[in-house]
Amino acid sequence: MIKNEDYLNKVAERCLSKAKKLGATDASAIVVNSVSENINIRNKKIDGSERSESLGINLTTYINKKKSSISSSNLNEKSIDSLVERCFEATKVTPEDELNSLPDKELHFQGQKKLNLFDETEINNEKKINFIREAEDEAFSNPQIVNTNGSAFSQVKSNFILSNSNGFSDGYKTSQFTAYCEVVSKNNGSMERDYEYTSKRFYNDLLSPKKIGNRAAELAVNKLNPRKIKSEKMNIVFDKRISKNFLSYFSNAIHSSAIAKGTTFLKDKIEKKIFNEKINITDKGDIEKANGSKYFDNEGVEVKELTLVKDGILKNYLIDTYNGKKINKKSNGRSGGSTNLYFENGDINYEDLIKSDEKMLYINETIGHGTNLITGDYSVGASGRMIENGELLYPVSEITIAGNLNSIFQNIVLANDLELNYSTNSPTMLVTGMTVGGR
Amino acid sequence: MSNFFQNSDIDVNKAEKIVSDTLNKCDDGELYLEDSKSESILLDDNKIKSSNYTTDLGYGFRAITGDVVAYSHSNEISNKSLKSSSENLKSSHKSNIGSYNSDIKKTNQKFYSDVDPIETKSLSSKIELLNKINEYARSKDRSVKQVTASFLGEKKDIEILRSGGELLKDTRPLVRINVSVMVEKKGRKETGVYGIGGRQSYDDYLVNDNWKKVCDEAFRIASTNLESKPSPAGEMQVVLGPGWPAILIHEAVGHGLEGDFNRKKTSAFHDLVGKKVASDGVTIIDDGTIENRRGSLNIDDEGTPTEKTVLIENGILKNFMQDRMNARLMNTKSTGNGRRESYKHIVMPRMRNTIMLGGNNTQEEMIKSVNKGIFAVSFGGGQVDITSGKFVFNCTEAYEIINGKIGSPIKGATLIGDGPSSLKEVLMVGNDMMMDPGIGTCGKAGQGVPVGVGQPSLLINKMTVGGTKI
């Protein structure tokens, strides 16, 4: 069972009052408790089971404009006291930074909690096993699936309290249920793997096991006996599980921490057209039951809906307290980054999108971390399928795709098939004029 | 004597009884105890941006029967907590009867000292040095617009309590000093990153103002990239520099030779033992025994002494890297590669320091022999798909080679290749084997562990370069 609010409050209070007593001018504490249970199966047999309970504290103390932090999993009273002391001592020797402070009081979240982020349902091990077994069985019903990398089901329940010496003290419970299935296909000496997963706050919102197994198998089989293609400039269609990555690059590049330091290709682009006029991007933290939803950010600041891009124009950064001060803007509750982030739907359907050029490449997997947010240069390994005249043909692998995010963003065409399955979501995406590196 | 039960309501003998009682019908398992402390001090944008200290104490209790692992971990070392973990493990293994495998090799080997890097250098001296680094890096040139520098230090004490009462211990220091420099000229920005580290105290790495060399190197890479042109795209010859570019070895063959993927037959290498997987002259080892290296361990996280494991010898695949469970299931011995990120994580076969040994060629010869290709000197990270064998790694410093001569620097690009075939494309192995500077972290199934890599210069006949220029 996860610990209740009273317990977490008591620990946070003890830290804050001890810090005050030592002479800290301000302090904040986050106390988190989570219980997670995980079952893995492989080839229908249990491969592993794991249960973990964790309790941790993260404390920051301020002496005027000096600041230092400490975290620990050891929460008996004696060690809490010595931790606070250590934190306070470290704060003393840390140089001043005039921007260090707790968030503005008036920005604190003060609303009612109603987002429905906690599911009381307990999925016992037998149910977990049945769920993923059904997914694997479904995958193995495909004759070209010969092996599995394992399938897993996990249930995580958490509770936390964030308190600071400006009177903020709030927290809430969240839950997360995740099922994952990864299978191996084989044919004519070619061996490939692929996966599907579903992860939701509410058990009943999960995709069905059959769908997961079926999709993982289909993807793995579709990759068999790939060809390598010639290097050329091409239009590329990104599957939804890849197109959402471009939103993540975008959100990292417009976070105030990067803007304030100038380490992003999107610095000084506010009110400028960084996408073409058909692109709109929203970050909405208050969608009921959604994976990215939250009431307040890591500092206790309320998370309001933000229009980040309107008709291709950058309207807002993601801002926390410290970096906000540096760029003369108030926090908009994005100390922890984006919440539920998505591209608004485009105005073309998927079928028309993949028919829009005679020959294109459909990419549904990329590997490597070849994105440079300072220059916008993008280069990754990729695999997918050739599209000719609107039809997905043979699989393609061991190629690279490259471009620069500045021009990629201008050349995006979005389909109208957006679903809010993850915390970052994109419709199927076409990007014109990228470079494919192959033979 | 154990150090983990002093503040607990249970002593080591009682804990041992719980362990033995839980594991006596299992094939393997242990109580793994861990006490870690770590610090991270970050200078960014001319200021000490953060100074964090973390302590973590907890245990992971593992029971294995056949190929089934049950794991329970907690950060409360108490009678109640251990008993409840024990119940949990027993309930996962109700119907099985195994025989506890008590065979574990003893060792007195020590590849690093018990130093506590956090306490042996005061916080204020670390802050002072970070400020010096900042000033020095900024003074190098007016183009330097941003400097980020950090000290990361850790001391981890572990104990492994096995059924029957055997207690194995290790103390592991680890530090890393990192500098990143951003330069800007005519509206163009580029960065360069460099770092050093290993299992010693900070000061061991800071002798002779070594930190200046770290700044110099980060600045040099950033400045080189300011002049870089778009990289070519497509298949071509690639010369790799010595040292850190051995990420290639780590990704191309290292992961594919980890025991778990081969027992499960999901690795592209699973049926290739005894077969030729690399050119003649290519020998690759995974070595946990090099003094003070980031990937070295006295014992692994199951208590097995580490060793020097030959993976590929003169082109022939010899061995996989094993933890105890995968070794038992494949009828072989653990190679001391059983590792975990922390007590919160299960053990898996993981690399230590993965190295390609030196050959006879010079880097100069390699470059001379290339008509059209690239010379890659520095890398970011890499990734591999174990099953298809396709792997990538990202250049952060590379040059064009035209008609046997090094040309202009090119923009960072991803290189992609196929693990089981790419090392057969090795045309020359250099005589300049070098280890990386001690900064690598390897990720697998969500767990990060410190690792090392090393290699000489290499000429590879063909790899696909992910540039934008055709």
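Quick caveat: nothing in here was measured; it's all calculated off a predicted structure. (Residues numbered from 1 in each chain as written. Chains lettered and ligands numbered in written order. Predicted model: local features only at pLDDT ≥ 70, side-chain atom pairs only at ≥ 80, totals over all residues.)

## Considerations on the overall build of chain B
Inference 1: When helices and strands are tallied, chain B shows 10 helices and 23 strands.
Inference 2: Radius of gyration (C-alpha) of chain B: 24 Å, near the 23 Å computed for a compact globule of 470 residues.
Inference 3: Each principal axis of the C-alpha distribution contributes one length, and for chain B these read about 70 × 55 × 35 Å.
Inference 4: Relative to all contacts within chain B whose residues are 6 or more apart in sequence, the contacts with residues 24 or more apart total 76%. (Helix = DSSP H or I, 4+ residues; strand = E, 2+ residues; numbered from the N terminus. Rg over C-alpha atoms; globule rule 2.2 N^0.38 Å. Contact = placed C-beta atoms within 7 Å.)

## Structural notes on the overall build of chain A
Inference 1: Regarding its fold elements, chain A presents 9 helices and 18 strands.
Inference 2: The buried share of chain A, taken over its 439 residues, is 53%.
Inference 3: The long-range share in chain A, meaning contacts at least 24 apart out of those at least 6 apart in sequence, stands at 73%. (Buried ≥ 20, exposed ≤ 12 C-beta atoms within 10 Å, placed from the backbone.)

## Side note on the sheet that holds strand E8 (residues 284-287) of chain B
All names here are of chain B.
Inference 1: Reading across the sheet, the 6 strands line up as E10-E9-E8-E13-E22-E19 and stay open at both edges, with mixed pairing between neighbours. Two strands lie at the open edges of the sheet, namely strand E10 (316-317) and strand E19 (434-435), each paired on one side alone.
Inference 2: Pairing between strand E13 (residues 353-356) and strand E22 (residues 452-455): 3 bridges, direction parallel. Residue pairing for E22: asparagine 353 is matched across the bridge by glycine 452. (Pairing = 2+ DSSP bridges.)

## Remarks on the interface of chain B and chain A
Inference 1: If you look at the interface, chain B gives 63 residues, while chain A gives 56 residues.
Inference 2: Here the side of chain B that touches chain A gets 11 residues from one element, more than from any other, and that element is strand E2 (residues 47-65) of chain B.
Inference 3: Grouping the constituent residues of the side of chain B that touches chain A by class yields 18 nonpolar, 30 polar and 15 charged.
Inference 4: Relative to E2(B), strand E3 (residues 66-72) of chain A runs parallel, the two being bridged by 4 bridges. Bridged to A:Ile70 within E2(B) is B:Tyr53. (Nonpolar A, V, L, I, M, F, W, Y, C, P; charged D, E, K, R; others polar.)

## Examining the nonpolar core
Inference 1: A:Ile236, B:Val181 and B:Ile374 are the most contacted members of the largest nonpolar core, which totals 203 residues.
Inference 2: A:Ile236 has contacts with A:Met360, A:Leu361, A:Ile363, A:Ile401, A:Val431 and A:Met434, leaving out every residue within four places of it along the chain.
Inference 3: Counting residues in each nonpolar core, the second largest holds 26 residues, with A:Cys15, A:Cys87, B:Tyr53 and B:Leu123 among its members. (Core = buried A, V, L, I, M, F, W, Y, C linked by C-beta atoms within 7 Å.)

## Some points on the sheet that holds strand E12 (residues 341-343) of chain A
Residues and elements named next belong to chain A.
Inference 1: Taken in spatial order, the 5 strands of this open sheet run E11-E10-E9-E12-E17, and their pairing is mixed. The sheet is open, and its two borders are formed by strand E11 (313-314) and strand E17 (424-425), each paired with just one other strand.
Inference 2: Taken together, the 2 bridges between E12 and E17 define a ladder with parallel strand orientation. The residue of E17 that forms the bridge with tyrosine 342 is asparagine 425.

## Things to note about the domain arrangement of chain B
Residues and elements named next belong to chain B.
Inference 1: What the domain assignment reports for chain B is domain 1 (123-226) and domain 2 (233-466).
Inference 2: On the side of domain 2, 16 residues touch domain 1, which itself brings 14 residues to the contact.
Inference 3: Elements that contribute at least two residues to the side of domain 1 that touches domain 2 include exactly strand E5 (167-185), strand E6 (188-198) and helix H5 (210-226).
Inference 4: Taken together, the residues of the side of domain 1 that touches domain 2 break down into 5 nonpolar, 6 polar and 3 charged. (Domains from an automatic or database assignment.)

## Digging into the environment of A:Leu361
Residues and elements named next belong to chain A.
Inference 1: Considering the arrangement of structural elements, one finds leucine 361 in strand E13 (residues 359-367).
Inference 2: Note on leucine 361: 23 C-beta atoms within 10 Å, which makes it buried.
Inference 3: A sequence separation of 126 residues divides leucine 361 from asparagine 235, and the C-alpha atoms of the two residues are 6.7 Å apart.
Inference 4: Apart from residues no more than four positions distant in its own chain, leucine 361 is found in contact with Met234, Ile236, Gly384, Met386, Ile387, Val396 and Val436.

## Brief notes about the packing of helix H1 (residues 12-23) of chain B against helix H2 (residues 79-92) of chain B
Residue and element names in this part refer to chain B.
Inference 1: It is at 10 Å that the axes of H1 and H2 come closest, and there the two elements cross at 5 degrees. The angle between H1 and H2 places the two elements in the roughly parallel class. Contacts between H1 and H2 involve Lys14, Ala15, Ile18 and Thr22 from the first element and Asn79, Leu82, Lys83, Ser86, Leu89 and Lys90 from the second.
Inference 2: Considered class by class, the residues forming the contact of H1 with H2 number 4 nonpolar, 3 polar and 3 charged. (Axes fitted to C-alpha atoms, helices over the stretch in contact; angles between N-to-C directions. Parallel < 35°, antiparallel > 145°, perpendicular 65-115°, else oblique.)

## Topic: the packing of helix H3 (residues 125-140) of chain A against helix H4 (residues 209-222) of chain A
Residue and element names in this part refer to chain A.
Inference 1: Contact pair H3 / H4: the axes reach a minimum separation of 7 Å and the direction vectors enclose 40 degrees. Judged by the angle between their axes, H3 and H4 are oblique. Judged by the sense of rotation from one axis to the other, the crossing of H3 with H4 is right-handed. Here Phe131, Ile132, Glu134, Ala135, Glu136, Asp137, Glu138 and Ala139 of H3 lie close against H4, whose contacting residues are Pro209, Lys210, Ile212, Gly213, Asn214, Ala216 and Ala217.
Inference 2: When the residues that make up the contact of H3 with H4 are grouped by side-chain class, the tally is 8 nonpolar, 2 polar and 5 charged. (Left-handed = near helix turned anticlockwise from the far one by under 90°.)

## What to know about unusual backbone geometry
Inference 1: Positioned with a positive phi, A:Lys44 is a non-glycine residue whose angle comes to about 75 degrees.
Inference 2: Mapped onto the elements of the fold, A:Lys44 is located in the loop between strand E1 (26-42) and strand E2 (45-63).
Inference 3: Overall, A:Lys44 belongs to the partly exposed group, with 13 C-beta atoms counted inside 10 Å.
Inference 4: Despite not being glycine, B:Ala445 shows a phi value in the positive range, around 50 degrees.
Inference 5: Mapped onto the fold, B:Ala445 is located in the loop between strand E20 (441-444) and strand E21 (447-450).

## Concerning the pairing of strand E14 (residues 377-388) of chain A
All names here are of chain A.
Inference 1: E14 sits mainly inside the fold: 10 of its 12 residues count as buried.
Inference 2: Where E13 meets E14, 8 bridges bridge the pair, whose relative direction is antiparallel. Residue methionine 360 lies in a different strand from E14, and its bridge partner there is isoleucine 387.
Inference 3: Note that E14 and strand E15 (residues 391-404) share 10 bridges and pair antiparallel. Bridged to aspartate 377 within E15 is asparagine 404.
Inference 4: Taking the residues between adjacent antiparallel strands as the criterion, E14 and E15 are bridged by 2 residues, where asparagine 389 takes a positive phi near 50 degrees.

## Description of the environment of B:Glu397
All names here are of chain B.
Inference 1: Mapped onto the fold, glutamate 397 is located in strand E15 (residues 390-402).
Inference 2: Overall, glutamate 397 belongs to the buried group, with 23 C-beta atoms counted inside 10 Å.
Inference 3: C-alpha of glutamate 397 to C-alpha of phenylalanine 375: the two residues are 22 residues apart in sequence and 8.7 Å apart in space.

## Points about the confidence of the model for chain B
Inference 1: Overall, the predicted model of chain B reaches an average pLDDT of 94, with 99% of residues at or above 70.
Inference 2: The complex model carries a pTM of 0.93, and its ipTM stands at 0.90. (pLDDT = per-residue confidence, 0-100.)

## Regarding helix H5 (residues 240-253) of chain A
Inference 1: If you check H5(A), its first and last C-alpha atoms are 21 Å apart, about what 14 residues at 1.5 Å a residue would give, namely 20 Å.
Inference 2: Taken together, the buried positions of H5(A) are A:Ile242, A:Ser243, A:Lys244, A:Phe246, A:Leu247, A:Tyr249, A:Phe250, A:Ser251 and A:Ala253. (Expected span 1.5 Å × (residues − 1).)

## So, helix H6 (residues 247-254) of chain B
Inference 1: With respect to burial, H6(B) is a largely interior element, 8 of its 8 residues being buried.
Inference 2: Those residues of H6(B) that sit buried are B:Ile247, B:Leu248, B:Ile249, B:His250, B:Glu251, B:Ala252, B:Val253 and B:Gly254.

## Topic: the pairing of E22(B)
Residue and element names in this part refer to chain B.
Inference 1: Residues Gly452 and Gly454 line one face of E22 and the alternating positions Val453 and Gln455 line the opposite face, and both faces are buried.
Inference 2: Here 2 bridges tie E19 to E22, and the two strands are oriented antiparallel to one another. The residue of E22 that forms the bridge with methionine 434 is glutamine 455.

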